[in-house]
Every structure is written in C-alpha cells, then in structure tokens.
Amino acid sequence: MPVDSPLVSHSDLARLKPEELELHLGELIRRYVRHRSADLAERVVESIETLYLHPDLGSDAERFCAYRRLARHWRWLAQRAATVAH
C-alpha cells in the first residue's frame, strides 16, 4: 500500500490479515510523523485495536499485550494532539 494511499475504513480494517494490518499501521505512523493530528493518531489507535483483537492473534498473549500497551500510548498521543490543537 503506497504511503499516500487513502485511509482505510474501519470495516475494511477488520478484513485484513495481521500482516496487512501491521503494514497499514506502519504507514499510518509514518504519515503521523509527517502530519501530526489528533485524527490521525485516533486512526492509529483504531488500527492497533483491530490488530490486537484479530482472531489470528488470540493465542499470542505477548503480542496481544504489546499491542494493548502501544494502543494506550497512541491514545495518549491523540489526546495530547487534540489538546494542543485547541
């Protein structure tokens, strides 16, 4: 997926394989680094949550916990970005 491709909808995220979600997540994070915004940080959180809730990761507790921690960090970034924007 090219870096400047359109953002993926939530319903489309649920259809992706974990490897595809990870690639999408990497793209979103790179996009956030270039154009910080609360909306983009929220998209990152949404992608991380979709990833850690993916049925294919159900048996990988370590990865699940790592993604949960990452989601918490990105929620904080999203809140911070929203506060700075106002």
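Look a little higher up for the structure.
Residues numbered from 1 in each chain as written. Predicted model: local features only at pLDDT ≥ 70, side-chain atom pairs only at ≥ 80, totals over all residues. Heavy atoms only, no water.

Caption draft 1: Fine view of the overall build of the protein. Regarding its fold elements, the protein presents four helices and zero strands. Counting from the amino terminus, the protein carries its helices and strands in the arrangement α-α-α-α. In terms of overall size, the protein behaves like a compact globule, its C-alpha atoms giving a radius of gyration of 13 Å where 86 residues would be expected to give roughly 12 Å. For the protein, the C-alpha atoms occupy an extent of roughly 40 × 25 × 20 Å along the three principal directions. For the protein, buried positions account for 35% of its 86 residues. Considering only intrachain contacts with a sequence separation of at least 6, the fraction spanning at least 24 residues in the protein is 62%. Accessible area for the protein stands at about 5,700 Å²; split by element, carbon and sulfur atoms hold 55% of it. Of the side-chain charges in the protein, 13 are positive and 13 negative, and the distance between the mean point of each set is 6 Å. (Helix = DSSP H or I, 4+ residues; strand = E, 2+ residues; numbered from the N terminus. Rg over C-alpha atoms; globule rule 2.2 N^0.38 Å. Buried < 20%, exposed > 50% of the residue type's maximum accessible area, 1.4 Å probe, protein only. Contact = heavy atoms within 4.5 Å. Areas by Shrake-Rupley, 256 points an atom, 1.4 Å probe, with all protein chains shown as cover. Lys, Arg positive; Asp, Glu negative; His and termini not counted. Charge placed at Lys NZ, Arg CZ, Asp CG, Glu CD.)

Caption draft 2: A look at the nonpolar core. In terms of nonpolar packing, the biggest core is built from 21 residues, with Tyr32, Val44, Ile48, Leu51, Tyr67 and Trp74 touching the most fellow members. Looking at this core, the elements with two or more residues in it are helix 2 (18-34), helix 3 (38-52) and helix 4 (61-85). Tallying contributions element by element places helix 3 first for this core, with seven residues. Excluding residues within four positions of it along the chain, Trp74 makes contact with Ile29, Tyr32, Ala41, Val44, Val45 and Ile48. (Core = buried A, V, L, I, M, F, W, Y, C linked by side-chain atoms within 4.5 Å.)

Caption draft 3: Inspection of the packing of aromatic side chains at higher detail. According to the stated counting rule, one finds two aromatic pairs in the structure shown. Taking 4.9 Å as the distance between ring centres and 80 degrees as the angle between the ring planes, the aromatic pair formed by Tyr32 and Trp74 counts as edge-to-face. Here the residue Tyr32 occupies a position in helix 2, and Trp74 occupies one in helix 4, the gap between them amounting to 42 residues. According to the relative accessible area criterion, Tyr32 is buried, its value standing at 6%. Look at Tyr52 and Phe64: their rings are 5.3 Å apart centre to centre, the planes differ by 85 degrees, and that puts the pair in the edge-to-face class. One end of the pair, Tyr52, is in helix 3; the other, Phe64, is in helix 4, and 12 residues separate them in sequence. (Phe/Tyr/Trp six-rings, centres within 6.5 Å; stacked < 30°, edge-to-face > 60°.)

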